[in-house]
2 protein chains.
Amino acid sequence: MHKAFAQICVLGAGLLGSSLLMAAKKRGLCGRAVLWSRGEATRAKARTQPWCDTVFETPEEAVKDADLIVLCTPVETIPALMEQIAPHVGPGAIVTDVGSVKGAICAAGAKILPENFVGSHPMAGSEKTGLGAARENLFENRTCFAVPCRAEPRAVETLTQFWDALGAKTQEVDAAKHDEIVARVSHLPHAVANILCATLAQSPAQWKEFSGNGLRDTTRIAASDPELWRQIFAQNRPALLAALDDFSAELSGLRDALERGDDRTVKNILSRASAYRSDWPNP
Amino acid sequence: MHKAFAQICVLGAGLLGSSLLMAAKKRGLCGRAVLWSRGEATRAKARTQPWCDTVFETPEEAVKDADLIVLCTPVETIPALMEQIAPHVGPGAIVTDVGSVKGAICAAGAKILPENFVGSHPMAGSEKTGLGAARENLFENRTCFAVPCRAEPRAVETLTQFWDALGAKTQEVDAAKHDEIVARVSHLPHAVANILCATLAQSPAQWKEFSGNGLRDTTRIAASDPELWRQIFAQNRPALLAALDDFSAELSGLRDALERGDDRTVKNILSRASAYRSDWPNP
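Residues numbered from 1 in each chain as written. Chains lettered and ligands numbered in written order. Predicted model: local features only at pLDDT ≥ 70, side-chain atom pairs only at ≥ 80, totals over all residues. Heavy atoms only, no water.

## Focus: the packing of aromatic side chains
Part 1 of the reasoning: Evaluated as defined, the whole model comprises 13 aromatic pairs over all chains.
Part 2 of the reasoning: Taking 5.9 Å as the distance between ring centres and 70° as the angle between the ring planes, the aromatic pair formed by Trp229(A) and Phe233(A) counts as edge-to-face. Taken as a pair, Trp229(A) and Phe233(A) lie in helix H10 (residues 226-235) at a separation of four residues, close to a single helical turn. Per residue, the accessibility class of Trp229(A) equals that of Phe233(A), and both read buried.
Part 3 of the reasoning: Over the ring of Tyr276(B) we find Lys208(A), and its NZ or CZ is 4.6 Å from the ring centre. (Phe/Tyr/Trp six-rings, centres within 6.5 Å; stacked < 30°, edge-to-face > 60°. Helix = DSSP H or I, 4+ residues; strand = E, 2+ residues; numbered from the N terminus. Buried < 20%, exposed > 50% of the residue type's maximum accessible area, 1.4 Å probe, protein only. Lys NZ or Arg CZ within 6 Å of the ring centre and 35° of its normal.)

## Topic: the sheet that holds strand S1 (residues 5-11) of chain B
All names here are of chain B.
Part 1 of the reasoning: Strand order in the open sheet formed by five strands is S3-S2-S1-S4-S5, and the pairing between neighbours is parallel. Of all strands in the sheet, those bounded by a partner on one side alone are strand S3 (54-56) and strand S5 (94-97). On average, adjacent strands in this sheet sit at an angle of 20° to one another, irrespective of strand direction.
Part 2 of the reasoning: Across six bridges, the pairing between S1 and strand S2 (residues 30-36) is parallel. Note on S2: the bridge partner recorded for Ile8 is Ala33.
Part 3 of the reasoning: Along the sheet, helix H2 (residues 40-47) makes contact with S2 and S3, crossing S3 at roughly 165°. (Pairing = 2+ DSSP bridges. Axes fitted to C-alpha atoms, helices over the stretch in contact; angles between N-to-C directions. Contact = heavy atoms within 4.5 Å.)

## Focus on the sheet that holds strand S8 (residues 169-172) of chain A
All names here are of chain A.
Part 1 of the reasoning: As summarised here, the arrangement of the three strands in space is S6-S7-S8, forming an open sheet in which the pairing is mixed. Two strands close off the open sheet at either side, each with one partner strand: strand S6 (119-122) and S8. Sheet twist, expressed as the average angle between the axes of neighbouring strands with direction ignored, equals 25°.
Part 2 of the reasoning: Direction of pairing for strand S7 (residues 143-147) relative to S8: parallel, over a ladder of four bridges. By the bridge assignment for S8, Cys144 is matched with Thr170.
Part 3 of the reasoning: Its contacts with the sheet put helix H6 (residues 153-165) on S6, S7 and S8, and the angle it makes with S8 is roughly 150°.

## What about the environment of Lys111(B)?
Residue and element names in this part refer to chain B.
Part 1 of the reasoning: Along the chain, Lys111 falls in helix H5 (residues 103-112).
Part 2 of the reasoning: What makes Lys111 exposed here is its relative accessible area of 65%.
Part 3 of the reasoning: The spacing of Lys111 and Gly212 is 101 residues in sequence and 50 Å in space, taken between C-alpha atoms.

## Points about the pairing of strand S4 (residues 68-71) of chain A
All names here are of chain A.
Part 1 of the reasoning: Side-chain alternation along S4 places Leu68 and Val70 on one buried face and Ile69 and Leu71 on a second face that is also buried.
Part 2 of the reasoning: Relative to S4, strand S1 (residues 5-11) runs parallel, the two sharing four bridges. In the strand pairing of S4, Cys9 is matched with Ile69.
Part 3 of the reasoning: Judged from the four bridges that link them, S4 and strand S5 (residues 94-97) form a sheet pairing that is parallel. When the sheet's bridge partners are listed, Leu68 is paired in S5 with Ile94.
Part 4 of the reasoning: What joins S4 to S5 is helix H4 (residues 78-85), and the crossover it makes is right-handed. (Right-handed = clockwise from strand over helix to strand, strands pointing away.)

## Notes on the packing of helix H7 (residues 175-200) of chain A against helix H7 (residues 175-200) of chain B
Part 1 of the reasoning: Interaxial distance between H7(A) and H7(B) falls to 11 Å at its minimum, and their mutual angle equals 160°. One finds that H7(A) runs roughly antiparallel with respect to H7(B). Handedness of the crossing formed by H7(A) with H7(B): right-handed. When H7(A) is examined against H7(B), the residues Arg184(A), Val185(A), Leu188(A), Pro189(A), Val192(A), Leu196(A), Thr199(A) and Leu200(A) are found in contact with a partner set consisting of Arg184(B), Val185(B), Leu188(B), Pro189(B), Val192(B), Leu196(B), Thr199(B) and Leu200(B).
Part 2 of the reasoning: Broken down by class, the residue content of the contact of H7(A) with H7(B) amounts to 12 nonpolar, two polar and two charged. (Parallel < 35°, antiparallel > 145°, perpendicular 65-115°, else oblique. Left-handed = near helix turned anticlockwise from the far one by under 90°. Nonpolar A, V, L, I, M, F, W, Y, C, P; charged D, E, K, R; others polar.)

## Some remarks on the interface of chain B and chain A
Part 1 of the reasoning: Each side of the interface is counted separately: chain B has 81 residues, and chain A has 81 residues.
Part 2 of the reasoning: Across the chain B to chain A interface the summed buried area is about 8300 Å²; carbon plus sulfur atoms make up 67%.
Part 3 of the reasoning: It is Trp207(B), Phe210(B) and Tyr276(B) that lose the most area in chain B upon contact with chain A, and together they represent 9% of the buried surface on that side.
Part 4 of the reasoning: At the junction of chain B with chain A, the criterion picks out eight salt bridges.
Part 5 of the reasoning: For the pair chain B and chain A, the number of links is 26 residue pairs in polar contact (both at pLDDT 80 or more).
Part 6 of the reasoning: Looking at the side of chain B that touches chain A, the elements that each hand over two or more residues are strand S7 (143-147), H7, helix H8 (207-210), helix H9 (213-219), helix H10 (226-235), helix H11 (237-259) and helix H12 (263-277) of chain B.
Part 7 of the reasoning: Counting residues per element, the side of chain B that touches chain A draws most heavily on H7(B), which supplies 16 residues.
Part 8 of the reasoning: Class assignment of the residues belonging to the side of chain B that touches chain A gives a composition of 40 nonpolar, 20 polar and 21 charged. (Buried area = accessible area lost by both parts, 1.4 Å probe. Salt bridge = Lys/Arg side-chain N within 4 Å of Asp/Glu carboxyl O. Polar contact = N/O pair within 3.5 Å; in protein donor to acceptor, adjacent residues only side chain to side chain.)

## Overview of H10(A)
Part 1 of the reasoning: Taking burial as the measure, the 10 residues of H10(A) include seven buried ones, the bulk of the element.
Part 2 of the reasoning: Those residues of H10(A) that sit buried are Pro226(A), Trp229(A), Arg230(A), Gln231(A), Ile232(A), Phe233(A) and Ala234(A).

## Digging into the relation of the copies chain B and chain A
Superposing the two chain copies requires a rotation about an axis and a translation along that axis.
Part 1 of the reasoning: Laying chain B over chain A is done by rotating through 180° and shifting 0.0 Å along the axis; what remains is an RMSD of 0.0 Å. The transformation just described matches what one would write down for a two-fold rotation axis. For chain B, the minimum C-alpha distance to the rotation axis belongs to Thr218(B) and amounts to 2.0 Å.
Part 2 of the reasoning: Counting the interface residues of chain B, we find that 100% of their copies in chain A are interface residues as well, pointing to one common contact surface. (Least-squares fit on C-alpha atoms with pLDDT ≥ 70 in both.)

## Considerations on the confidence of the model for chain A
Interpretation of this model should avoid reading the predicted coordinates in detail wherever pLDDT is low.
Part 1 of the reasoning: For chain A, the mean per-residue pLDDT works out to 96, and 99% of the residues sit at or above 70.
Part 2 of the reasoning: Predicted as a complex, the structure gets a pTM of 0.95 and an ipTM equal to 0.94. (pLDDT = per-residue confidence, 0-100.)

## A word on the side chain of Arg277(B)
Part 1 of the reasoning: Relative to the assigned elements, Arg277(B) resides in helix H12.
Part 2 of the reasoning: Despite being buried, Arg277(B) has no salt bridge partner; Asp217(A) is the closest side chain of opposite charge, sitting 5.9 Å away.
Part 3 of the reasoning: Polar side-chain contacts of Arg277(B) include one of 2.8 Å to the backbone oxygen of Arg216(A).
Part 4 of the reasoning: Excluding residues that lie within four positions of it along the chain, Arg277(B) makes contacts with Cys197(A), Arg216(A), Thr219(A), Arg220(A), Ala222(A) and Ala223(A). (Lys, Arg positive; Asp, Glu negative; His and termini not counted.)

## A short note on the environment of Asp164(A)
Residues and elements named next belong to chain A.
Part 1 of the reasoning: Position of Asp164 relative to the elements: it lies in helix H6.
Part 2 of the reasoning: A C-alpha to C-alpha distance of 9.1 Å links Asp164 and Asn141, two positions 23 residues apart in sequence.
Part 3 of the reasoning: Those residues within four positions of Asp164 in sequence are excluded, and the remaining contacts are Lys169 and Thr170.

## Re the state of the cysteines
Part 1 of the reasoning: Enumeration over the complete set of coordinates arrives at zero disulfides over all chains.
Part 2 of the reasoning: With no disulfide partner, Cys106(B) has as its closest neighbouring cysteine sulfur the one in Cys149(B), 3.1 Å distant.
Part 3 of the reasoning: Cys197(A) supplies the cysteine sulfur nearest to Cys197(B), a cysteine that is in no disulfide, at a spacing of 17 Å.
Part 4 of the reasoning: A relative accessible area of 0% places Cys197(B) in the buried class. (Disulfide = S-S within 2.5 Å.)

The structure is reproduced here in structure tokens:
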């Protein structure tokens, strides 16, 4: 069982950061919950939340007395934020993040906060963003990747116990393997849903109304924030390019089989897909 | 308000056919509900359903006294089934189908049953198939396309009123326009979800467990029946090829922008996609 942190500091009050504090408070894993957010309006809103004890004006102040610091800002901003807070992080504090790509962030963590930093990535997003969408059960039954970087095994263990206590299933991986996995199971589906919407946006607007639940579900994640995902794609460029190229090869395979009337190959592709999709692990 | 049919005959007791009889009975739109299905086991199961009055052993017997006949078998089988039943269809009976592609089926209908046949396509499927998945509310708030073919306007009007009475929103279109629309809003998403699954099936099986809701929803429809969808793709080949080529062009655009680090173009594609997906009409 995990011992509570005396003070958890979240930097960035989006869906993940807000949900994390809400969930930690609810489960008694957090003495004081403190927060910093870049936006004045978000800070004002955070001050009215029952799960938030103090809202700070700067990241430096916010991290000072925390024994767990969680960086929840967009992925491209995280390395600079680490530099900014590093002089103010307590010696025994664990620093982590919830970024969707771990290569650049873990390299920065290993350099800037080598003993304190462990990367995290809970597979619990939504196309809805911001503090208003926060849910205390967001992490339940979700995989959370933990990337040790150069931290002490004790810090990795403590962080793993924390995520597990929030209901997540923590998986330890290195940064390169993490980025390869999420390029396939997360960033590729995001790219595909976006490409599908960009394609359909060329058709008459009314056609959207004719669609069934298939199109609705296939495209849901394309409603996500474009700037957040531009950054994620850019940070995971090589692994995502490889995934897109494999997808593209399968697409050509189906397209060409369809064009030449090769029913057997078309059926084979659909059968492989259907077999993959049956018995889905996370209903 | 629609006057009830005295006897509705459904040929093929899959999800759509079973749901249609169930819904029509529930809403008082059907005196007697009669059914034929190719499979002996399905016929036996249908005999125990409260919404089914008689199950016949042959399509010829089943259609005999019906004033509405609905062909609900896989799309490639429909023209031959029309030939088979044509001599037994009553003079004033309306014959329709629920096939996902209308070109070949409407051409057959216009030739074989010119006065009786009106094509239908309710945009209400599911990855779940068969009589066991039937729901009386399957058609509620769904678009249903009606394709007049060569039938009398009176037959088209009666069928439109029937679908509307089941809760659908009926749209009259010609077969070519129908096939172009569904190639985009239905068959393309199905193809894309299948290609995504076929690609991911190449990764270690465990990775699937790491995924979040994004992959789950993006791929849901890939669990559909491979043979049904092979037939749909084959029947809508030219329109689907055009849609796949447009999708492929968008895919290359994103891929190449990502490779050359062109953040602006990547952001532009994601923004177009997000704008298309926001304010979804069918939640």
